[in-house]
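Architecture at a glance
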Amino acid sequence: MKTIGFAMCGSFCTFEKSLAQLEFLAQTYNILPLMSQTAYETDTRFGKAADWVARLEQAAGREVLHTLVQAEPIGPKGLVDAMVVCPCTGNTLSKIAAGITDTPVTMAVKSSLRIGIPVVLCCATNDAMAASGPNLLRLLNTKNVYLVPLRQDDPVKKPVSLVADFSLLPRTIALALEGRQLQPVFLPPQTGG
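Residues numbered from 1 in each chain as written. Predicted model: local features only at pLDDT ≥ 70, side-chain atom pairs only at ≥ 80, totals over all residues. Heavy atoms only, no water.

1. Topic: the overall build of the protein chain
- For the protein chain, the count of helices and strands is 8 helices and 7 strands.
- For a compact globule of 193 residues, the expected C-alpha radius of gyration is about 16 Å, and the protein chain comes in at 15 Å, within 12% of that figure.
- Counting across all 193 residues of the protein chain, residues that qualify as buried make up 52%.
- Considering only intrachain contacts with a sequence separation of at least 6, the fraction spanning at least 24 residues in the protein chain is 77%.
- The average position of the 17 basic charges and that of the 15 acidic charges among the side chains of the protein chain differ by 6 Å. (Helix = DSSP H or I, 4+ residues; strand = E, 2+ residues; numbered from the N terminus. Rg over C-alpha atoms; globule rule 2.2 N^0.38 Å. Buried < 20%, exposed > 50% of the residue type's maximum accessible area, 1.4 Å probe, protein only. Contact = heavy atoms within 4.5 Å. Lys, Arg positive; Asp, Glu negative; His and termini not counted. Charge placed at Lys NZ, Arg CZ, Asp CG, Glu CD.)

2. Looking at the pairing of strand E1 (residues 3–8)
- For E1, the buried fraction is high: 6 of the 6 residues fall into the buried class.
- Neither face of E1 is left uncovered, since the one carrying Thr 3, Gly 5 and Ala 7 and the one carrying Ile 4, Phe 6 and Met 8 both have all their residues buried.
- As paired strands, E1 and strand E2 (residues 30–35) are joined by 6 bridges and run parallel to one another. Bridge pairing in E2 places Phe 6 opposite Pro 33.
- Pairing analysis gives 4 bridges linking E1 to strand E3 (residues 82–88), with the strands arranged parallel. Looking at E3, one finds that Ala 7 is bridged to Val 85. (Pairing = 2+ DSSP bridges.)

3. A short note on helix H8 (residues 169–176)
- Counted residue by residue, H8 has 6 buried out of 8 residues, so it is predominantly covered.
- When H8 is considered as a whole, its buried residues turn out to be Leu 169, Pro 170, Thr 172, Ile 173, Leu 175 and Ala 176.

4. What about helix H7 (residues 133–140)?
- Of the positions making up H7, those classed as buried are Gly 133, Asn 135, Leu 136 and Leu 139. Buried residues of H7 fall within an arc of 165° about the axis and therefore sit on the same side. (Arc of directions from axis to C-beta.)

5. Overview of the nonpolar core
- In terms of nonpolar packing, the biggest core is built from 65 residues, with Phe 6, Met 35, Ile 74, Met 83, Leu 121 and Leu 169 touching the most fellow members.
- With near-sequence residues (within four places) excluded, Leu 169 lies in contact with Phe 6, Gln 21, Leu 25, Val 84, Cys 86, Val 120, Cys 122 and Val 148. (Core = buried A, V, L, I, M, F, W, Y, C linked by side-chain atoms within 4.5 Å.)

6. A few points about the side chain of Ser 132
- Along the polypeptide, Ser 132 turns up in the loop between strand E4 (119–125) and H7.
- Judged by its relative accessible area of 3%, Ser 132 is buried.
- A distance of 2.7 Å separates polar atoms of two side chains, one belonging to Ser 132 and the other to Asp 127.
- The residues touching Ser 132, leaving out its near neighbours within four places in the chain, are Gly 90, Leu 93, Ser 94, Thr 125 and Asp 127. (Polar contact = N/O pair within 3.5 Å; in protein donor to acceptor, adjacent residues only side chain to side chain.)

7. Focus: the packing of helix H5 (residues 90–98) against H7
- Relative orientation of the contacting elements H5 and H7 amounts to 55°, with a least axis distance of 9 Å. Classified by the interaxial angle, the pair formed by H5 and H7 is oblique. For the pair H5 and H7, the sense of crossing is left-handed. Counted together, Leu 93, Ser 94, Ile 96 and Ala 97 of H5 and Asn 135, Leu 136, Arg 138 and Leu 139 of H7 form the full contact between these two elements.
- Among the residues making up the contact of H5 with H7, the classes are represented as 5 nonpolar, 2 polar and 1 charged. (Axes fitted to C-alpha atoms, helices over the stretch in contact; angles between N-to-C directions. Parallel < 35°, antiparallel > 145°, perpendicular 65-115°, else oblique. Left-handed = near helix turned anticlockwise from the far one by under 90°. Nonpolar A, V, L, I, M, F, W, Y, C, P; charged D, E, K, R; others polar.)

8. Considerations on the environment of His 66
- Topologically, His 66 is positioned in the loop between helix H3 (49–60) and helix H4 (68–71).
- As for His 66 and Thr 103, which are separated by 37 residues in sequence, their C-alpha atoms are 8.5 Å apart.
- If we ignore the near neighbours within four places in the chain, the residues touching His 66 are Met 35, Tyr 40 and Pro 104.
- A distance of 3.4 Å separates the side chain of His 66 from the side chain of Tyr 40, its partner in a polar contact.

9. Observations regarding the pattern of salt bridges
- Going through the model one piece at a time under the given rule, you end up with 7 salt bridges.
- With a shortest N-O distance of 3.6 Å, Glu 72 and Arg 114 are connected by a salt bridge. Of the two residues, Glu 72 sits in the loop between H4 and E3 while Arg 114 sits in the loop between helix H6 (104–113) and E4, which places them 42 residues apart along the sequence.
- Connected through shared salt-bridge partners, Glu 16, Glu 23 and Arg 55 make up one network. (Salt bridge = Lys/Arg side-chain N within 4 Å of Asp/Glu carboxyl O.)

As far as function goes, none of this settles anything; it's purely spatial.
As structure tokens, this is what we get:
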């Protein structure tokens, strides 16, 4: 059975969707769970950090890695077959594009990419078509980086925001493990109810 690194960043409003996908993926893959420090310790209106950590650990069947020291060996020791960042914030997206490794998640991505492990980004960012846009496009053209297809989540109220279609995460992972990007990458906005 293949092992998937499953890293969560601070897009707290998408944690429920992320964990639903994780629980589904855990039926097919072994899961190595990670969280950014912000995700690991911040209570928000979307829930308490300890509750999210407990749910992630329950689904994965092991403790969450949440420090740079814990994340660094992932690539060199070949601990995963693919690294997933779900949700991936604009902040994390931009750090990955710039090669900044100051969080457990960005370190896990760097250590995976340095030995050719596929990285799947399931983005949720309010500035994907603004400040984070160049970084999103840079990563789309980066070897071994794959994007879960995304769309505008609210073109009227948040015209530069893009959110991945979380339901496409399993297909994106399966194709990434074959070295292929799920297409199309950019989906039309959802309309109606």
